[in-house]
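# Remarks on the overall topology
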Amino acid sequence: MLKVHSEPPKPELKQAGPVILALGFRPFFISAALSALILMLIWLGAWSGAYPLPTYYGAIGWHSHEMLFGYAVAIIAGFLLTAVRNWTGITPPTGTPLGLLFLLWLAGRVAPFLSGAIPAPLIAVIDLAFLPAVALAIQPALWKGQQKMNRIFVPLLLVMAVANLYVHLQSLGLANSALRGADAMLYLIAFLITLLGGRVIPFFTEAVIPGHASKRNGRVELATVISLGGLIAVQFIYPNAWLSGVLAFAVAATQIIRVVGWYNRQIWQIPILWVLFSGMFWLIIGFTLAGLAYFGFTGLNLAKHAITVGGIGALTYGMMARVALGHTGREIQSHPLINGCFILMNLAALFRVFGPLVLPQQYTLWVHLSGGLWIVSFLLFGAIYVPMLTQPRVDGKPG
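The following paragraphs examine the structure supplied in this document. (Residues numbered from 1 in each chain as written. Predicted model: local features only at pLDDT ≥ 70, side-chain atom pairs only at ≥ 80, totals over all residues. Heavy atoms only, no water.)

Once that is clear, we can look at the overall build of the protein chain. Check the secondary structure of the protein chain and you find 13 helices and zero strands. When its helices and strands are written in sequence order, the protein chain yields α-α-α-α-α-α-α-α-α-α-α-α-α. Computed over its C-alpha atoms, the radius of gyration of the protein chain comes to 20 Å, within 12% of the 21 Å expected for a compact globule of 399 residues. For the protein chain, the C-alpha atoms occupy an extent of roughly 55 × 50 × 40 Å along the three principal directions. Residues counted as buried form 56% of the 399 residues belonging to the protein chain. (Helix = DSSP H or I, 4+ residues; strand = E, 2+ residues; numbered from the N terminus. Rg over C-alpha atoms; globule rule 2.2 N^0.38 Å. Buried < 20%, exposed > 50% of the residue type's maximum accessible area, 1.4 Å probe, protein only.)

We now examine the packing of aromatic side chains. Scanning all chains against the criterion turns up 27 aromatic pairs. On the basis of an interplanar angle of 80 degrees and a centroid distance of 6.3 Å, the ring pair of Tyr-263 and Phe-277 is categorised as edge-to-face. Within this pair, whereas Tyr-263 is found in the loop between α9 (241-262) and α10 (271-294), its partner Phe-277 is found in helix α10, the two being separated by 14 residues in sequence. The partly exposed category is assigned to Tyr-263, whose relative accessible area is 36%. Measuring from ring centre to ring centre gives 6.1 Å for Trp-274 and Phe-342, while their planes differ by 80 degrees; the resulting arrangement is edge-to-face. In this pair, Trp-274 is assigned in helix α10 and Phe-342 in helix α12 (residues 336-358), connecting sequence segments 68 residues apart. Each member of the pair, Trp-274 together with Phe-342, is buried. Connected via pairs of aromatic rings, a cluster forms that spans Tyr-71, Tyr-263, Trp-268, Trp-274, Phe-277, Phe-281, Tyr-317, Phe-342, Trp-374, Phe-378, Phe-381 and Tyr-385. Taking the ring centre of Phe-204 as reference, the NZ or CZ of Arg-322 above it sits at 3.6 Å. (Phe/Tyr/Trp six-rings, centres within 6.5 Å; stacked < 30°, edge-to-face > 60°. Lys NZ or Arg CZ within 6 Å of the ring centre and 35° of its normal.)

According to the stated counting rule, one finds three cavities of 30 Å³ or more in the structure shown. Approximately 180 Å³ is the volume found for the largest cavity. Those elements that place two or more of their residues in the lining of the largest cavity are α2 (59-88), α7 (178-208) and α11 (300-327). Broken down by element, the residue count for the lining of the largest cavity peaks at six residues, all from α7. Taken together, the residues of the lining of the largest cavity sort by class into 12 nonpolar, two polar and no charged. (1 Å grid on protein atoms, 1.4 Å probe; cavity = no way out; pocket = protein on both sides within 12 Å on 5 of 7 lines; lining within 4 Å. Points joined across faces, edges and corners; volume = space filled by probe spheres on them. Nonpolar A, V, L, I, M, F, W, Y, C, P; charged D, E, K, R; others polar.)

What follows covers the packing of α9 against α10. At a closest axis distance of 8 Å, the pairing of α9 and α10 adopts a crossing angle of 155 degrees. Classed by the angle they form, the pair α9 and α10 counts as roughly antiparallel. As for how α9 packs across α10, the hand of that crossing is left-handed. The residues of α10 that touch α9, namely those facing Ala-241, Ser-244, Gly-245, Ala-248, Phe-249, Val-251, Ala-252, Gln-255, Ile-256, Arg-258, Val-259 and Trp-262, are Phe-277, Met-280, Phe-281, Ile-284, Phe-287, Thr-288, Ala-290, Gly-291, Leu-292 and Tyr-294. Here the contact of α9 with α10 is built from residues that sort into 16 nonpolar, five polar and one charged. (Axes fitted to C-alpha atoms, helices over the stretch in contact; angles between N-to-C directions. Parallel < 35°, antiparallel > 145°, perpendicular 65-115°, else oblique. Left-handed = near helix turned anticlockwise from the far one by under 90°. Contact = heavy atoms within 4.5 Å.)

This part takes up the layout of surface pockets. Of the pockets and cavities examined, the largest pocket occupies roughly 850 Å³. For the lining of the largest pocket, the elements supplying multiple residues, two or more each, are α1 (25-47), α2, α6 (153-171), α7, α11 and α13 (363-389). Top element by residues in the lining of the largest pocket is α2. It accounts for nine residues. In the lining of the largest pocket, the residues fall into 21 nonpolar, 12 polar and three charged.

Here it is as structure tokens:
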């Protein structure tokens, strides 16, 4: 069974530089929220034909790449650069080193728009450098920590970098591999949030619902790792529709068993908790649709949006909301507007996935409606969370 362990904190708690660089979640959660807002605005305009997108990735390629390797990777970086201190008691890069990491991430977002001014190989090098840099930043603390299972995140980040390489190889005209890289990254992100979700969601549920005891099954956890790991490997090595379909159904089945074991009907009274469960429900829907799509019963595009907008969107949104509260010394009580945003995020997924199934002739409407809800949710997130992410902790502690 694969678990992510916490460790007793050690005394090395320090910070350097301005508040926004005091710990990784601050710059990267802000950048994730702003990029989610800006990228969607750019995409909707380009999708409507108002202007062209950078040619480096291609139009569709840019959208998928930036949502996976821009938005989602920013949240992953912010979470890991923060969680490592909790797991080991050792502070990862802060201050100037953290600022340089952020600038490297930002350079990867800007570089494709300068494709006429800088050579394509340089665009690739800039973007490809970020994930290994994050792995290098967290590796010393994880290797000093006592719980070796937490070290899995270093190779996981490097495998994500390989997925990114697959995308760039096609942009450089060296291979026809961008779709394989994007699909592998999609499932890698699902793997990471599923792994973390298996730890934090039962823990959060038990912490806020008196008497609740989440049920965990070691064999189901192992089956999750094997099925999702197999699905990732298939995309990298030799994409096969039949095998991918079987593995996608297996992922959906294992997640049903896991979520049933964690579930308590009182979660619906706690928005910052039910949003995490809603993300897991969307992963189940997404992988079920993916299985159907691989066997030719529906479109894979809808499955991918269930996983991205619903699963990754709701889970990362909920985790950012909770982590930011806890690590700024605030009570874990989400703002009423953010509670509404949890609903907006789920509606965005609902319209994007099921709208085209019900009224396919209104496809453009569903895309714009879903994108609009996504934009509003992150606009409100930024308005509420950017001030707290740029101010010192209210309890005076470092970070």
